[in-house]
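Close look at the chain arrangement
Here are the chains, one letter per residue:
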Amino acid sequence: MKRVAIICGGRSSEHEISCISAGGVIAAIDRSKYLPLIIGITKSGRWVHLEEDFPLRIVDGVLPVIPENSPAIVADISGFTFNGSPIEIDIVFPLLHGPYGEDGTIQGMLEMADIDYVGSGVLASAVAMDKSFAKPIFASYGIKVADGFTITAQEWNDAPDSITKQASLLSYPVFTKPARGGSSRGTNKVKSEQQLTGAINEALTFDSKVMIENAVVGAEIECAVLEIDGKPQASIVGKISIDPKFEFYDFQAKYLDGATTIELPAPIPADVAKAIQEQAVAAFKALDCRGLARVDFFLTSNNEIILNELNTMPGFTETSVFPKMWAASGVSYTEVINHLLKSATL
Ligand SMILES: Nc1ncnc2c1ncn2[C@@H]1O[C@H](COP(=O)(O)OP(=O)(O)O)[C@@H](O)[C@H]1O
Ligand SMILES: [Mg+2]
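Bear in mind the structure is a predicted one, so any value in this text is a computation, not a measurement.

Topic: the sheet that holds strand β13 (residues 219–228)
Strand order in this open sheet of five strands is β15-β14-β13-β16-β17, and the pairing throughout is antiparallel. Where the open sheet ends on each side, the last strands, each with one partner, are β15 (260–263) and β17 (305–311). Adjacent strand axes in the sheet meet at a mean angle of 30° when their direction is disregarded. Helix-sheet contacts for helix α9 (residues 270–286) involve β13, β14 (231–242), β16 (292–299) and β17, and the interaxial angle to β14 is about 120°.

A closer look at the site of ligand 1
Around ligand 1 lies a shell of 18 residues, among which A146, E213, V216, F248 and Y249 are the nearest. Breaking the shell around ligand 1 down by element, the ones donating at least two residues are β10 (174–178), β12 (209–214) and β17. When the residues that make up the shell around ligand 1 are grouped by side-chain class, the tally is six nonpolar, seven polar and five charged. If you count residues domain by domain, the shell around ligand 1 takes at least three from each of domain 2 (128–144 + 217–344) and domain 3 (148–214).

Regarding the sheet that holds strand β4 (residues 73–76)
Taken in spatial order, the three strands line up as β4-β5-β6 in an open sheet, and their pairing is antiparallel. Two strands close off the open sheet at either side, each with one partner strand: β4 and β6 (85–87). For this sheet the average axis-to-axis angle between neighbouring strands, irrespective of direction, equals 35°.

Some thoughts on helix α1 (residues 15–28)
Helix length check: α1 (14 residues) gives 20 Å between terminal C-alpha atoms against 20 Å at 1.5 Å per residue, within 8%. Taken together, the buried positions of α1 are H15, E16, I17, S18, C19, I20, S21, A22, G23, G24, V25 and I26. Here the buried face of α1 lies against β1 (2–9), β2 (34–41), β7 (91–94) and α11 (333–344).

Overview of unusual backbone geometry
In this model, Y172 is joined to P173 through a cis peptide bond whose omega is 0°. Within the fold, P173 resides in the loop between α6 (160–170) and β10. Across the junction of L264 and P265, the peptide omega takes the value -5°, indicating a cis bond. Turning to its location among the elements, P265 is positioned in the loop between β15 and α9. Phi angles above zero are rare outside glycine, and D229 is one such case at about 50°. Inspection of the secondary structure puts D229 in the loop between β13 and β14. With 9 C-beta atoms packed within 10 Å, D229 lands in the exposed category.

A look at the environment of V272
In this structure, V272 sits in helix α9. Given 16 C-beta atoms within 10 Å, V272 falls into the partly exposed group. In the structure, V272 is positioned 65 residues away from I337 in sequence and 29 Å away in space, judged by C-alpha atoms.

Details of the domain arrangement of the chain
What the domain assignment reports for the chain is domain 1 (2–117), domain 2 (128–144 + 217–344) and domain 3 (148–214). Computed from C-alpha atoms alone, the centre-to-centre distance between domain 1 and domain 3 is 34 Å. On the side of domain 3, four residues touch domain 1, which itself brings six residues to the contact. Looking at side-chain class alone, the side of domain 1 that touches domain 3 contains one nonpolar, three polar and two charged residues.

What to know about the UniProt feature "domain: ATP-grasp" (unreviewed entry) in the chain
Taking the numbering used here, the UniProt-annotated feature "domain: ATP-grasp" (unreviewed entry) corresponds to residues 135–342. As a span, residues 135–342 carries 36% helix and 29% strand, and end to end its C-alpha atoms are 30 Å apart.

Considering helix α7 (residues 193–204)
Helical geometry note: an α-helix holds 3.6 residues per turn, so side chains three or four residues apart project in the same direction. In this model α7 runs 17 Å from its N-terminal to its C-terminal C-alpha over 12 residues, within 8% of the 16 Å that 1.5 Å per residue would give. Among the residues making up α7, those that are buried are L196, A199, I200 and A203. All buried residues of α7 lie within an arc of 100° about the axis, which places them on one face of the element. Exposed positions of α7 whose direction lies more than 90 degrees from the buried face are Q194 and G198. The inward-facing, buried residues of α7 abut α5 (153–158), α6, β10, β11 (188–190) and β12.

A short note on the pairing of β12
Counting buried residues in β12 gives five out of six residues, a clear majority hidden from the surface. As paired elements, strand β9 (residues 148–152) and β12 share five bridges and run antiparallel to each other. The residue of β12 that forms the bridge with T150 is M211. Sheet topology places β10 next to β12; five bridges connect them, and they run antiparallel. Directly across from V174, in β12, lies its bridge partner N214.

Rules behind the numbers
- Residues numbered from 1 in each chain as written.
- Chains lettered and ligands numbered in written order.
- Predicted model: local features only at pLDDT ≥ 70, side-chain atom pairs only at ≥ 80, totals over all residues.
- Pairing = 2+ DSSP bridges.
- Helix = DSSP H or I, 4+ residues; strand = E, 2+ residues; numbered from the N terminus.
- Axes fitted to C-alpha atoms, helices over the stretch in contact; angles between N-to-C directions.
- Contact = placed C-beta atoms within 7 Å.
- Near = placed C-beta within 6 Å.
- Nonpolar A, V, L, I, M, F, W, Y, C, P; charged D, E, K, R; others polar.
- Domains from an automatic or database assignment.
- Expected span 1.5 Å × (residues − 1).
- Buried ≥ 20, exposed ≤ 12 C-beta atoms within 10 Å, placed from the backbone.
- UniProt positions renumbered as here; feature names shortened; annotations may be inferred.
- Arc of directions from axis to C-beta.

Written out as structure tokens, the structure reads:
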């Protein structure tokens, strides 16, 4: 029996989603092999102990949040202690999304503590989190990405006119987004030069680096990569169908009930789906990912495949896209969790 610490919550804006993902894993984990234990990270960054029956799900329409007043867990390079006694942990499942979780920080801490963990290591996590680094790496492997450029707050402050000029060379509409963002927060479709300043300033409230990109016209296609017995495998490909009242796959479209569905398999030609699966695995390898990744693409009307982003810790509730894509590929949620826990110790 292995003891698995599921770490959830965290300081990022995806705190609640992380809690729901953890609730899903705790309900589905194979208890003949694994003993789960929950470690919460509060929004202020405190590490706390949670009882196994803590409701990590939506109750009466209220999203779960890790209570700030829960008893503290001490985490350091010698491992974890609770009430002064060490807690034995064999594997950590860091079910955290966004900064301080999906970005290499907790992975670095777990490396220092010499604890096995699910998912990508420090470098892959950090690179995938920062789209301004991930994009040129994908491009160098021959994977297409949207045209665009990155600016810093300092550059925007110093030379807004030249940035505005550079943006107009991409031709409108363009997309602006924080380099290290998530859940579409701070992302805007900018239809004209008049809207550029506002959009850049909004993105800058999420990160000091902003990407300005050509707006790709195409379907949003996702593919889930899972390491099975040491080999990354691609799931069947899915197409995100967004209620047309949304301009793009924004925060509302992502989390508003019923605004989005995923078509599985995507209604695209078999050879195109196969090429997307190959590119998803190639992207996984390009960043040296481990365990899992959800690779998101655009597919244009002439079947051009453009990689948008790779998520090293995608939403992981039972009804999230990643587990759904595997379920449709014949691998159940519990089996996905088993593969991940196995890959953590390889
Ligand atoms: N270059 C682009 N062209 C077209 N749509 C884009 C582009 N960049 C982002 N989007 C839209 O914004 C959404 C969120 O952007 P994304 O880069 O995936 O950030 P996040 O990490 O927040 O999911 C995408 O799913 C897509 O709908
Ligand atoms: Mg995205």
